[in-house]
Amino acid sequence: MEIVEKLLNHSRLALSKAITAVENEYDDAVKIMTEIYPHTGNAYVLGITGPPGAGKSTLTDGLAKEYRKRGKTVGIVAIDPTSPYSGGAILGDRIRMMDLMSDEGIFVRSMATRGSLGGLSQKTGDAVKLMDAFGMDVIIVETVGVGQSEVDIVKTADTSMVVVIPGMGDDIQAIKAGILEIGDLFTINKADREGTDKLNIEIEMMLELNPERVAWRPPINRTIASKGIGIEAVIDSIEAHKNYLIESGRLAEIRRARIKNEVTAMLNDRVNRYIDKNVVETPEFEETVRKLQTREIEPYSVVDKIVGNVLK
Ligand SMILES: Nc1nc2c(ncn2[C@@H]2O[C@H](COP(=O)(O)OP(=O)(O)O)[C@@H](O)[C@H]2O)c(=O)[nH]1
Ligand SMILES: [Mg+2]
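### Topic: the site of ligand 1
Right, so step 1: Among the 16 residues in the neighbourhood of ligand 1, the closest are listed as Gly 53, Gly 55, Lys 56, Ser 57 and Thr 58.
Right, so step 2: Glu 142 places a side-chain nitrogen or oxygen 3.2 Å from an oxygen atom of ligand 1.
Right, so step 3: Here a nitrogen atom of ligand 1 sits 3.0 Å away from a polar atom, N or O, in the side chain of Asp 192.
Right, so step 4: Considered on its own, ligand 1 offers 590 Å² of accessible surface; in the complex 76% of this is hidden by protein.
Right, so step 5: Broken down by element, the residue count for the shell around ligand 1 peaks at three residues, all from helix H4 (residues 56-69).
Right, so step 6: For the shell around ligand 1, the class distribution of residues is five nonpolar, six polar and five charged.

This is the structure we're talking about:
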């Protein structure tokens with residue numbers, strides 16, 4: 001396909017159009033992804049999650065700039081609905097991003113969260129693959145750590161970073177549910193605020209309680225992202241984690257698990273669509289539901305029969 005050839009030849013416009021095709025499920029999206037696939041698997045994927053307003057986007061800006069200094073190209077996929085990368089950016093943020101936009105080695109894209117998060121997870125994966133094929137060395141996926149699906153998105157990264165900030169009230173309790181377990185590294189942003197030491201101790205204690213963390217102990221970094229302070233140490237930690245993953249053989253395992261998850265999700269999606277179209281949305285099914293309601297039949301045999309037919 002022409003668009004794929006252009007993308008592989010570093011056309012930013014083609015990359016942008018390809019992501020739009022995937023995002024809106026245009027007819028050529030599947031064909032694009034099919035042709036792109038052999039060219040993927042080279043980028044390092046960093047997931048960043050944390051509560052809204054923690055400074056994830058500010059931190060992402062800083063990390064991207066630092067990666068550029070180190071000679072790496074960077075793709076950014078932002079799935080934060082309040083992200084300054086989105087159309088609803090406030091002026092200050094927009095200016096901040098303009099900085100990044102003018103650099104050819106950086107490509108920023110926000111994904112709309114409309115529609116289901118399940119679908120979003122696949123679209124995010126596709127956007128990452130497109131940036132990967134385009135040739136970005138590092139791809140940063142930023143998402144708000146609020147729901148399970150968002151956490152799942154970050155889980156598929158090679159390295160997952162959890163951003164926390166002091167003074168969130170019940171500090172650790174507020175973020176404990178779900179997202180703390182996935183952190184390969186922790187960044188305490190807004191370290192210019194009171195409560196940073198306390199939060200640091202709390203995270204350390206929590207990591208102490210997690211017996212699974214023996215081979216890799218998640219480092220805790222402190223940053224003041226708005227001033228660009230502490231960014232280099234974060235990148236050093238990411239590199240250290242990457243080296244650990246490579247040397248321990250974990251990176252290959254993580255990537256295998258990611259592929260397995262992706263293809264399983266694709267299979268489920270395809271089967272669900274087939275059943276919706278050929279079973280659920282038929283007049284016979286309405287009749288079946290009526291008979292179930294009057295207890296003329298029971299659902300277990302109905303399901304057995306339908307699955308038997310589908311498998312034929
Ligand atoms: N005081 C302080 N403010 C920060 C820091 N980092 C970011 N901010 C501000 O926090 C607000 C939210 O940042 P943003 O990056 O959009 O957060 P996100 O929702 O996690 O992506 C913005 O006004 C930033 O300027 C920091 O280290 N210290
Ligand atoms: Mg953001």
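### What about the layout of surface pockets?
Over the atoms rolls a probe the size of a water molecule, and in doing so it shows where empty space is left.
Right, so step 1: Its volume calculated, the second largest pocket comes out at about 350 Å³.
Right, so step 2: Surrounding the second largest pocket, 15 residues form its lining, Glu 284, Thr 288, Lys 305, Ile 306 and Asn 309 being those nearest its centre.
Right, so step 3: Listed by contribution, the elements that provide at least two residues to the lining of the second largest pocket are helix H11 (250-280), helix H12 (283-293) and helix H13 (299-311).
Right, so step 4: Class assignment for the residues of the lining of the second largest pocket results in seven nonpolar, four polar and four charged.

### A word on the nonpolar core
Right, so step 1: Ranked by size, the top nonpolar core spans 31 residues in total, and within it Leu 7, Val 77 and Leu 130 carry the most contacts.
Right, so step 2: Within the residue set of this core, elements represented by two or more residues are helix H1 (2-8), helix H2 (12-23), helix H3 (29-36), helix H6 (117-134) and strand S4 (138-144).
Right, so step 3: Per-element accounting of this core gives the leading share, seven residues, to H6.
Right, so step 4: Two domains share this core, each providing at least three of its residues, namely domain 1 (1-37) and domain 2 (40-248).
Right, so step 5: The contact partners of Leu 7, leaving out residues within four places of it in the chain, are Ala 14, Leu 15, Ala 18, Ile 36, Leu 130, Ala 133 and Phe 134.
Right, so step 6: Of all hydrophobic cores here, the second largest spans 28 residues; its members include Leu 63, Leu 185, Ile 238 and Leu 251.

### So, H2
Quick reminder: α-helices carry 3.6 residues per turn. Residues three or four places apart thus point the same way.
Right, so step 1: With twelve residues, H2 ought to run about 16 Å at 1.5 Å a step, and its terminal C-alpha atoms sit 16 Å apart, in line with that.
Right, so step 2: Every buried residue of H2 is accounted for by Arg 12, Ala 14, Leu 15, Ala 18, Ile 19, Ala 21, Val 22 and Glu 23.
Right, so step 3: Residue Glu 25 follows H2 closely and has a positive phi angle near 55°.

### Points about the pattern of salt bridges
Right, so step 1: Across all of its chains, the model carries 18 salt bridges by this definition.
Right, so step 2: Across the pair Asp 236 and Arg 70 runs a salt bridge whose closest N-O atoms are separated by 3.0 Å. Of this pair, Asp 236 sits in helix H10 (residues 231-248) while Arg 70 sits in the loop between H4 and strand S2 (74-78), and the two are 166 residues apart along the sequence.
Right, so step 3: Across the pair Arg 273 and Asp 269 runs a salt bridge whose closest N-O atoms are separated by 3.2 Å. Of the two residues, Arg 273 and Asp 269 both sit in helix H11, four residues apart, roughly one turn of that helix.
Right, so step 4: For Arg 273, a relative accessible area of 48% corresponds to the partly exposed category.

### Examining a nonpolar patch on the surface
Right, so step 1: Taken together, the side chains of Val 303, Val 307 and Leu 311 define a hydrophobic patch exposed on the protein surface, amounting to about 300 Å² of accessible area.
Right, so step 2: One can find Val 307 in helix H13.
Right, so step 3: By relative accessible area, which is 41% here, Val 307 ends up partly exposed.

### Topic: the packing of aromatic side chains
Right, so step 1: Throughout the structure, instances matching the rule amount to one aromatic pair.
Right, so step 2: Consider the rings of Trp 216 and Tyr 244, whose centres lie 5.4 Å apart with planes at 25°: the pair is stacked. Within this pair, whereas Trp 216 is found in the loop between helix H9 (196-208) and strand S7 (220-222), its partner Tyr 244 is found in helix H10, the two being separated by 28 residues in sequence.
Right, so step 3: Using a relative accessible area of 14% as the deciding quantity, one classes Trp 216 as buried.

### A short note on the confidence of the model for the protein
Where the model shows low pLDDT, its predicted coordinates should not be examined in detail.
Right, so step 1: The pLDDT averaged across the protein works out to 86; a share of 84% of its residues lies at or above 70.
Right, so step 2: Low pLDDT, under 50, characterises residues 82-95; the stretch is placed with 21 contacts to residues that sit more than four places away or in other chains.

### Details of the sheet that holds strand S5 (residues 159-164)
Right, so step 1: As summarised here, the arrangement of the seven strands in space is S3-S2-S4-S1-S5-S6-S7, forming an open sheet in which the pairing is parallel. Edge positions in the open sheet fall to strand S3 (106-110) and S7, since each of these has one partner strand only. Ignoring strand direction, the axes of neighbouring strands in this sheet form an average angle of 20°.
Right, so step 2: The pairing of strand S6 (residues 185-188) with S7 spans three bridges and is parallel. Following the sheet pairing, Phe 186 is matched in S7 by Ile 220.

Calculation rules
- Residues numbered from 1 in each chain as written.
- Chains lettered and ligands numbered in written order.
- Predicted model: local features only at pLDDT ≥ 70, side-chain atom pairs only at ≥ 80, totals over all residues.
- Heavy atoms only, no water.
- Near = heavy atom within 4 Å.
- Polar contact = N/O pair within 3.5 Å; in protein donor to acceptor, adjacent residues only side chain to side chain.
- Areas by Shrake-Rupley, 256 points an atom, 1.4 Å probe, with all protein chains shown as cover.
- Helix = DSSP H or I, 4+ residues; strand = E, 2+ residues; numbered from the N terminus.
- Nonpolar A, V, L, I, M, F, W, Y, C, P; charged D, E, K, R; others polar.
- 1 Å grid on protein atoms, 1.4 Å probe; cavity = no way out; pocket = protein on both sides within 12 Å on 5 of 7 lines; lining within 4 Å.
- Points joined across faces, edges and corners; volume = space filled by probe spheres on them.
- Core = buried A, V, L, I, M, F, W, Y, C linked by side-chain atoms within 4.5 Å.
- Buried < 20%, exposed > 50% of the residue type's maximum accessible area, 1.4 Å probe, protein only.
- Domains from an automatic or database assignment.
- Contact = heavy atoms within 4.5 Å.
- Expected span 1.5 Å × (residues − 1).
- Salt bridge = Lys/Arg side-chain N within 4 Å of Asp/Glu carboxyl O.
- Patch = residues over 30% accessible without salt bridge, like charges linked within 9 Å, V, L, I, M, F, W, Y side chains within 5 Å.
- Phe/Tyr/Trp six-rings, centres within 6.5 Å; stacked < 30°, edge-to-face > 60°.
- pLDDT = per-residue confidence, 0-100.
- Pairing = 2+ DSSP bridges.
- Axes fitted to C-alpha atoms, helices over the stretch in contact; angles between N-to-C directions.

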